[in-house]
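These are the residues of each chain, in order.
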Amino acid sequence: MQRREAVRREAVGSYSCEQCGRPLSPEYKFCPACGTPRRGVSYVRRVSTGNPAIDEILEGGFEVGKTYLLAGEAGTGKTIFSLQYLLYGAKNNEPGIYVTIDERPEMLVRDVRNFGWDLQPLIETKKLVILPVRRYFTSKMWGREMDTIVNNIIEELDRRRREIGAKRLVIDPIAPLVTTYSNEVAWVREYIRSLIFSIEEKLGVTTVITSEVPTGENMMSRYGVEEFLASGVILLSLSRVGNSIIRTMFIRKMRWTAVNPTIYRFEIERGRGIVLKEPLS
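The rules behind the values
- Residues numbered from 1 in each chain as written.
- Predicted model: local features only at pLDDT ≥ 70, side-chain atom pairs only at ≥ 80, totals over all residues.
- Heavy atoms only, no water.
- Pairing = 2+ DSSP bridges.
- Helix = DSSP H or I, 4+ residues; strand = E, 2+ residues; numbered from the N terminus.
- Axes fitted to C-alpha atoms, helices over the stretch in contact; angles between N-to-C directions.
- Polar contact = N/O pair within 3.5 Å; in protein donor to acceptor, adjacent residues only side chain to side chain.
- Contact = heavy atoms within 4.5 Å.
- Core = buried A, V, L, I, M, F, W, Y, C linked by side-chain atoms within 4.5 Å.
- Buried < 20%, exposed > 50% of the residue type's maximum accessible area, 1.4 Å probe, protein only.
- Expected span 1.5 Å × (residues − 1).
- Phe/Tyr/Trp six-rings, centres within 6.5 Å; stacked < 30°, edge-to-face > 60°.
- Salt bridge = Lys/Arg side-chain N within 4 Å of Asp/Glu carboxyl O.

### Remarks on the sheet that holds strand 3 (residues 67-72)
Strands belonging to one sheet form pairs held by backbone hydrogen bonds; the direction of such a pair is parallel or antiparallel.
Next up, step 1: Across the sheet, 9 strands lie side by side as 5-4-6-7-3-8-9-10-11; this open sheet has mixed pairing. Edge strands, defined here as strands with exactly one partner in the open sheet, are strand 5 (128-132) and strand 11 (273-279). Direction aside, neighbouring strands of the sheet carry axes that sit 25 degrees apart on average.
Next up, step 2: As judged from the 5 bridges shared by strand 10 (residues 263-269) and strand 11, these two strands associate in the antiparallel manner. Bridge assignment links F266 to a residue of strand 11, and that residue is L276.

### Points about the side chain of S48
Next up, step 1: When you line up the elements, S48 lands in the loop between strand 1 (46-47) and helix 2 (52-57).
Next up, step 2: Within the local environment of S48, its side chain forms a polar contact with the backbone nitrogen of G50, the two atoms lying 2.9 Å apart.
Next up, step 3: Discounting chain neighbours no more than four positions away, the residues touching S48 are D55, G60, Y85, Y88 and R168.

### Topic: the nonpolar core
Next up, step 1: By size, the foremost hydrophobic cluster in this structure holds 40 residues, and its most contacted members are I97, V99, F137, L157, Y191, I192 and L195.
Next up, step 2: If you tally residues by element for this core, the top one is helix 9 (residues 185-203), at 8 residues.
Next up, step 3: Contacts of I97, omitting those with residues within four sequence positions, involve L86, V129, L131, L157, R160, R161, I164, A166, R168, L169 and V170.
Next up, step 4: Counting 35 residues, the second largest nonpolar core, distinct from the first, contains W117, I130, I251 and Y264.

### Remarks on helix 9
For an α-helix the count is 3.6 residues per turn, leaving residues at separations of three or four pointing the same way.
Next up, step 1: Over its 19 residues, helix 9 extends 26 Å from the first C-alpha to the last, a length consistent with the 27 Å expected when each residue adds 1.5 Å.
Next up, step 2: Turning to helix 9, its buried residues number three or more, namely W187, V188, Y191, I192, S194, L195, I196, S198, I199 and L203.
Next up, step 3: Of the residues one or two after helix 9, G204 is the one with positive phi, at around 70 degrees.

### Focus: the packing of aromatic side chains
Next up, step 1: One pass over the full model with this rule turns up 3 aromatic pairs.
Next up, step 2: For the ring pair F62 and Y85, a centre distance of 5.8 Å and an interplane angle of 65 degrees mean the geometry is edge-to-face. Of this pair, F62 sits in strand 2 (residues 62-63) while Y85 is found in helix 3 (residues 78-91), placing the two residues 23 residues apart along the sequence.
Next up, step 3: Accessibility expressed as a relative area gives 1% for F62, which makes it buried.
Next up, step 4: Taking relative accessible area as the criterion, Y85 reaches 0% and is therefore assigned buried.
Next up, step 5: Consider the rings of F115 and W117, whose centres lie 4.9 Å apart with planes at 75 degrees: the pair is edge-to-face.
Next up, step 6: When its relative accessible area of 16% is taken as the criterion, F115 is described as buried.
Next up, step 7: For W117, a relative accessible area of 5% gives the class buried.
Next up, step 8: In this structure an aromatic cluster arises from ring pairing among F62, Y68 and Y85.

### What about the pattern of salt bridges?
Once their charged atoms are close, side chains differing in charge can pair, the charge on each being opposite to the other.
Next up, step 1: All told, the structure shown has 15 salt bridges when counted by the stated rule.
Next up, step 2: R161 serves as the salt-bridge partner of D158, at 2.7 Å between the closest nitrogen and oxygen. Here the residue D158 and the residue R161 both occupy positions in helix 7 (residues 146-164), the gap between them amounting to 3 residues, near one helical turn.
Next up, step 3: For D158, a relative accessible area of 18% gives the class buried.
Next up, step 4: A residue is classified by how much of its surface remains accessible, and R161, at 21% relative accessible area, is partly exposed.
Next up, step 5: Salt-bridge contacts for R265 lead to E267; the nearest nitrogen and oxygen are separated by 2.7 Å.

Structure representation (structure tokens):
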């Protein structure tokens, strides 16, 4: 009995609040004295970004069922990041849907294979589906009311989601699902808001949307609303350091995640994708 109590006290003593030092039982997630969360305890379900270094920064990855914005100028690696996210999921029983501008799936598969990733087996086993915007969505959008457009897009995505049991979604980029109908700023912003909310509410997938930022512009998104609706914002950039151009990543926003405002250098490696390097001082 005494030994059992000693073991219990030892176990309790091995968990202490980092803020006030109070010993905590292993089942405590918060310190009852000061309310500080215990380190290493996750309170939300997360899915991997496909990059272990980024997952570590994000306390495990993206929150399940939320939407994340990946923004940057042309050539910064948005599509590579997006496909890496889907590829990881497809290989780990989390099938995904990739909505692309108008590139034919067979051409995309060929180009990605040249990079070192073979998507064809994943498509054949229904771990991945590629949906070109023009083929599957444009006809559903012309001359219709906003609610009808959003509902039609969600219905098509939901049909595909059920076919393969999709857990992940990428819209790369989101612009073609917008500018095919209207360029009025107020309409566009309300439309994007409705689309994102509907995806989260009705599909339950974890979504990455990409937005191309015009070169030289100090913007986080194309329409100025995506960053407010998304649960997280990752900015990819090209930066000059001396006589060299490097790629950088800055996690501008990550809701309910303790992320330091740090700029990281990254490289794109054939067959691996985004590889995070050292933080820039």
